[in-house]
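Take a look at the letters that make up each chain.
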Amino acid sequence: GGDRRDFNRPPGTSLTPAADRLREAIGAWTYRAGKSSAAVTVSIGIATLAAGVEITVDELVGRADNALYAAKNAGRNRVFAAPLEASERVGPATA
């Protein structure tokens, strides 16, 4: 469970550093209820899309969801970015 937020970014920039700063800021909070308190954590999944690549919104959200679950499965309180598909990578092909 959780909330989903969508962000656009300028080409050539990464959301990962900003997401990590957000994760750290949230981690500085303490939830208090009566005499009890608990640390607050957040896991973030990021999916990006290369210019000119056409996929559906559902596919893009699915990539972000997969990255989110990978972050949670790796121990929570993490930022994971979904890898680009091979056809979306920029630069020379590697063998």
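How each quantity is defined
Residues numbered from 1 in each chain as written. Predicted model: local features only at pLDDT ≥ 70, side-chain atom pairs only at ≥ 80, totals over all residues. Heavy atoms only, no water. Pairing = 2+ DSSP bridges. Helix = DSSP H or I, 4+ residues; strand = E, 2+ residues; numbered from the N terminus. Expected span 1.5 Å × (residues − 1). Buried < 20%, exposed > 50% of the residue type's maximum accessible area, 1.4 Å probe, protein only. Arc of directions from axis to C-beta. Contact = heavy atoms within 4.5 Å.

A. Spotlight on the pairing of strand S1 (residues 30-33). In this structure, S1 lies alongside strand S2 (residues 36-39), joined through four bridges in antiparallel fashion. Its bridge partner being in S2, Ala33 is matched across the sheet by Ser36. Where S1 folds back on S2, the antiparallel hairpin that results is connected by two residues, among which Gly34 adopts a positive phi of roughly 65 degrees.

B. Layout of helix H1 (residues 16-27). In this model, H1 (twelve residues) spans 16 Å end to end at C-alpha, consistent with the 16 Å of a helix rising 1.5 Å per residue. Considered for burial, the residues of H1 that qualify are Ala19, Arg23 and Ile26. Down the axis of H1, the smallest arc covering the buried residues is 65 degrees, so these residues share one side. In this structure, the buried side of H1 is in contact with strand S3 (44-46) and strand S4 (79-81).

C. Structural context of helix H2 (residues 57-73). Between the first and last C-alpha of H2 there are 24 Å, a value that for 17 residues agrees with the 24 Å anticipated at 1.5 Å per step. Within the sequence span of H2, burial applies to Arg63, Ala64, Ala67, Leu68, Ala71 and Lys72. Looking at the buried side of H2, the elements it contacts are S3 and S4. Where H2 terminates, the next one or two residues include Gly75, which has phi positive at roughly 125 degrees.

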